[in-house]
Amino acid sequence: MAIDRSYRLVPGTTIFDAEQSARGYHLNQFCMSLMTAENRAAYLADERAYLDAWPLREEQKRALLERDLNAAMREGGNIYFLAKWGATLGFSFQQMAGSMTGMTEQEYRDMMVSGGRSATAPASRIDHAVLEAAHADQAPPAEHAAVSAAVFTSHVPAIGAAIDHGKTDEPYWQPVFAGYEHSRRWAAEHVPDVIVLVYNDHASAFDLSLVPTFVLGTGAAYPTADEGYGPRPVPGVEGDPELAAHLAHCLIQDDFDLTLANEMPVDHGLTVPLSLMFGEVERWPCKVIPLHVNVVQYPVPSGARCFELGRALRRAVESYPRPLDVQVWGTGGMSHQLQGPRAGLINREWDNAFLDRLVADPAGLARVPHLEYVEEAGSEGIELVMWLIARGALSDVDDGGSVDVEHRFYHVPASNTAVGHLILNNHHRPAEEN
Ligand SMILES: O=C(O)c1ccc(O)c(O)c1
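This one's a predicted model, so the numbers in the text were calculated from it and none came from an experiment.

## Topic: empty space enclosed by the protein
- Within the structure shown, the criterion is met by 1 cavity of 30 Å³ or more.
- Here the largest cavity defines a volume of roughly 40 Å³.
- Forming the walls of the largest cavity are Gln94, Gln95, Glu105, Tyr108 and Arg109.
- Looking at the lining of the largest cavity, the elements with two or more residues in it are helix 8 (93–99) and helix 9 (105–113).
- Take the lining of the largest cavity: its biggest share by element is 3 residues, from helix 9.

## Quick word on the site of the ligand
- Close contacts around the ligand come from His155, Val156, Pro157, His202, His268, His336, Leu338, Glu383, Ala414, Ser415, Asn416 and Thr417, and that covers them all.
- Asn416 is positioned with one of its side-chain polar atoms (N or O) 2.8 Å from an oxygen atom of the ligand.
- Protein chains shield 87% of the accessible area of the ligand, which is 300 Å² for the free molecule.
- For the shell around the ligand, the per-class residue count stands at 4 nonpolar, 7 polar and 1 charged.

## Some words on the layout of surface pockets
- Of the voids in this model, the largest pocket is the one considered here, and its volume is about 1,000 Å³.
- For the largest pocket, the lining is made up of 43 residues, of which Ile3, His246, Ser319, Tyr320 and Pro321 are closest to its centre.
- In terms of residue count, helix 14 (residues 241–253) provides more of the lining of the largest pocket than any other element does, 6 residues in total.
- Broken down by class, the residue content of the lining of the largest pocket amounts to 20 nonpolar, 13 polar and 10 charged.
- Empty space within the second largest pocket amounts to approximately 780 Å³.
- What lines the second largest pocket is a set of 26 residues, and nearest its centre among them are Gly12, Thr13, Thr14, Met100 and Thr101.
- Of all the elements in the fold, those that place two or more residues in the lining of the second largest pocket are helix 6 (69–74), helix 7 (79–88), helix 8 and helix 9.

## A look at the nonpolar core
- If you look at the biggest cluster of nonpolar residues, it comprises 58 residues, and the most contacted ones within it are Leu247, Phe354, Tyr373 and Ile389.
- In terms of residues, this core owes the most to one element, helix 16 (residues 303–318), which gives 7 residues.
- Apart from the residues within four sequence positions on either side, Tyr373 is in contact with Trp350, Phe354, Leu365, Val368, Gly378, Gly381, Ile382, Leu384, Val385 and Leu388.
- In terms of nonpolar packing, the next biggest core, distinct from the first, is built from 37 residues, Val176, Trp186, Val272 and Ile423 among them.

## A short note on the sheet that holds strand 7 (residues 287–293)
- Across the sheet, 8 strands lie side by side as 6-3-7-2-8-1-10-9; this open sheet has mixed pairing. The open sheet terminates on both sides in strands that have one partner only, identified here as strand 6 (259–261) and strand 9 (401–414). Strand-to-strand twist in this sheet, taken as the mean axis angle between neighbours without regard to direction, amounts to 20°.
- Where strand 3 (residues 214–217) lies against strand 7, 3 bridges are found, and the strand directions are antiparallel. What sits directly across from Leu216, in strand 7, is Leu291.
- Contacting strand 2 (194–199), strand 3, strand 6, strand 7 and strand 8 (325–331), helix 14 runs over the sheet at an angle of about 150° to strand 3.

## Some details on the packing of helix 11 (residues 157–164) against helix 15 (residues 268–278)
- Contact pair helix 11 / helix 15: the axes reach a minimum separation of 9 Å and the direction vectors enclose 50°. Relative to helix 15, the element helix 11 is oriented oblique. For the crossing formed where helix 11 meets helix 15, the hand is left-handed. In this structure, helix 11 uses Pro157, Ile159, Gly160 and Ile163 to contact helix 15, whose residues at the interface are His268, Val272, Ser275 and Leu276.
- Residue classes in the contact of helix 11 with helix 15 are distributed as 5 nonpolar, 3 polar and no charged.

## What to know about the pattern of salt bridges
- For the structure on display, the rule yields 19 salt bridges.
- Arg48 is the partner of Asp52 in a salt bridge, and the nearest nitrogen-oxygen pair spans 3.3 Å. In this pair, Asp52 and Arg48 are both assigned in helix 4 (residues 47–52), 4 residues apart and thus about one turn of the helix distant.
- Taking the relative accessible area as the measure of exposure, Asp52 reaches 42% and is therefore partly exposed.
- When its relative accessible area of 33% is taken as the criterion, Arg48 is described as partly exposed.
- With a closest N to O distance of 3.3 Å, Glu105 and Arg109 form a salt bridge. Here the residue Glu105 and the residue Arg109 both occupy positions in helix 9, the gap between them amounting to 4 residues, near one helical turn.
- Residue class for Arg109 comes out partly exposed when judged on its relative accessible area of 33%.
- A network of salt bridges, in which partner residues are shared, links Arg5, Arg8, Asp17 and Glu19.

## Section: the UniProt feature "domain: Extradiol ring-cleavage dioxygenase LigAB LigA subunit" (unreviewed entry) in the protein chain
- As recorded in UniProt, the feature "domain: Extradiol ring-cleavage dioxygenase LigAB LigA subunit" (unreviewed entry) lies at residues 27–113.
- Regarding residues 27–113, the helix share stands at 70% and the strand share at 0%, and the terminal C-alpha atoms are separated by 33 Å.

## Side note on the packing of helix 14 against helix 16
- The geometry of helix 14 relative to helix 16 is characterised by a closest axis approach of 9 Å and an angle of 125° between their N-to-C directions. As summarised for this structure, helix 14 and helix 16 are arranged oblique, according to the angle between their axes. In this structure, helix 14 meets helix 16 at a crossing whose hand is right-handed. Residues His246, Leu247, Cys250 and Leu251 of helix 14 pack against Leu309, Ala312, Leu313, Ala316 and Val317 of helix 16.
- Of the residues contributing to the contact of helix 14 with helix 16, the split by class is 8 nonpolar, 1 polar and no charged.

## Here's the deal with unusual backbone geometry
- Note that the residue after Tyr298, namely Pro299, is joined by a cis bond; omega there is 0°.
- The residue Pro299 is located in the loop between strand 7 and helix 16 in this model.
- The peptide bond linking Gly333 to Met334 adopts the cis configuration, its omega dihedral lying at -5°.
- Note that Met334 resides in the loop between strand 8 and helix 17 (348–360).
- The phi torsion at Ala203 lies on the positive side, around 55°, for a residue other than glycine.
- With respect to the helices and strands, the residue Ala203 is situated in the loop between strand 2 and strand 3.
- Residue classification places Ala203 among the exposed residues on the basis of a relative accessible area of 63%.

What counts as what
- Residues numbered from 1 in each chain as written.
- Predicted model: local features only at pLDDT ≥ 70, side-chain atom pairs only at ≥ 80, totals over all residues.
- Heavy atoms only, no water.
- 1 Å grid on protein atoms, 1.4 Å probe; cavity = no way out; pocket = protein on both sides within 12 Å on 5 of 7 lines; lining within 4 Å.
- Points joined across faces, edges and corners; volume = space filled by probe spheres on them.
- Helix = DSSP H or I, 4+ residues; strand = E, 2+ residues; numbered from the N terminus.
- Near = heavy atom within 4 Å.
- Polar contact = N/O pair within 3.5 Å; in protein donor to acceptor, adjacent residues only side chain to side chain.
- Areas by Shrake-Rupley, 256 points an atom, 1.4 Å probe, with all protein chains shown as cover.
- Nonpolar A, V, L, I, M, F, W, Y, C, P; charged D, E, K, R; others polar.
- Core = buried A, V, L, I, M, F, W, Y, C linked by side-chain atoms within 4.5 Å.
- Buried < 20%, exposed > 50% of the residue type's maximum accessible area, 1.4 Å probe, protein only.
- Contact = heavy atoms within 4.5 Å.
- Pairing = 2+ DSSP bridges.
- Axes fitted to C-alpha atoms, helices over the stretch in contact; angles between N-to-C directions.
- Parallel < 35°, antiparallel > 145°, perpendicular 65-115°, else oblique.
- Left-handed = near helix turned anticlockwise from the far one by under 90°.
- Salt bridge = Lys/Arg side-chain N within 4 Å of Asp/Glu carboxyl O.
- UniProt positions renumbered as here; feature names shortened; annotations may be inferred.

Right, dumping it as structure tokens:
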């Protein structure tokens, strides 16, 4: 699916999309800083000095100093953010809107009193010939990104602690890490350009003030969260804002209402899988786009919804017009319950049947209801729905290729948890062979 940006064809109108948001990120964040009386006073006392303390481009500063809102919009400003700046200077919304039209304040007010600008005036209408040409020009890109593999793994924090404290050779941990030896060799030979890493934040980036269902990281970098023991001594994560913005655009256009995060710390859910696959490194070997799924507060998304999101994610990746190698990782699980008198629940049979079905019958597995996860795999076993996003991202589910099992591993226990791990190679069949 090609990205539809036909909203750019509406005359006299700037639509605030991911590209504008990236262009105006600091400008808009500067505006937000004016939401305290103290900062407003500081701004009014010396506008230039206040602006100079922000990483703004000179064009952005000039737009504000010259009260040129059209220039501020071109520079990525959004009217609701800029309204904080305008309010600081005593402008009403009407004064701000009118200032962009080339009219005097009085002329604009008179126009509004006499009914407002006509929506049918030719100067306000889209040129339909241009719109049709834009829609006709929707050929798939000649070269594009593709999903090369999916990695599935538990993300137990104690595994991270064992790595960080040099305990991987201890008898308790040795069998866990032995299960990842092949994976580490494979990962070293198959470093992708980008990993879309599906995980759940564990009350680290998101407290109860915000409970988004799906969060895509569109930022440039993500620091390691401090989960109470201090941040893990692992590198921060480098994102891919350009690919992430493309994915966000495609997925939202495909009716997945994602939350977008330009800044967020990442916790063990994301860093433990990276450590398991890449070992102890100074820098992660590729970019990572975090995809957080709420599995903490019910209702959490169904397996079917996750599977569909994975399928949409593959379509989105394949419409990105650069030949990037993308892996999708699904993390969390397997059976575990961290709470209540039932804590410590492990179900080897159910876990292994899950692994079998994940390989051979993912569409059927996607129909398993939450209740079965909780009853059979424990309350935190629900994390396994996230694996269905990575599975849906492989080509065979839409008859567009095949998968093979690179590696499979299962072990009990790591802390309170059964550890499951699978690597599936994806063999995408190019469109002309379909
Ligand atoms: O087994 C554990 O200790 C444990 C703790 C926290 C988690 O998020 C988890 O998946 C496992």
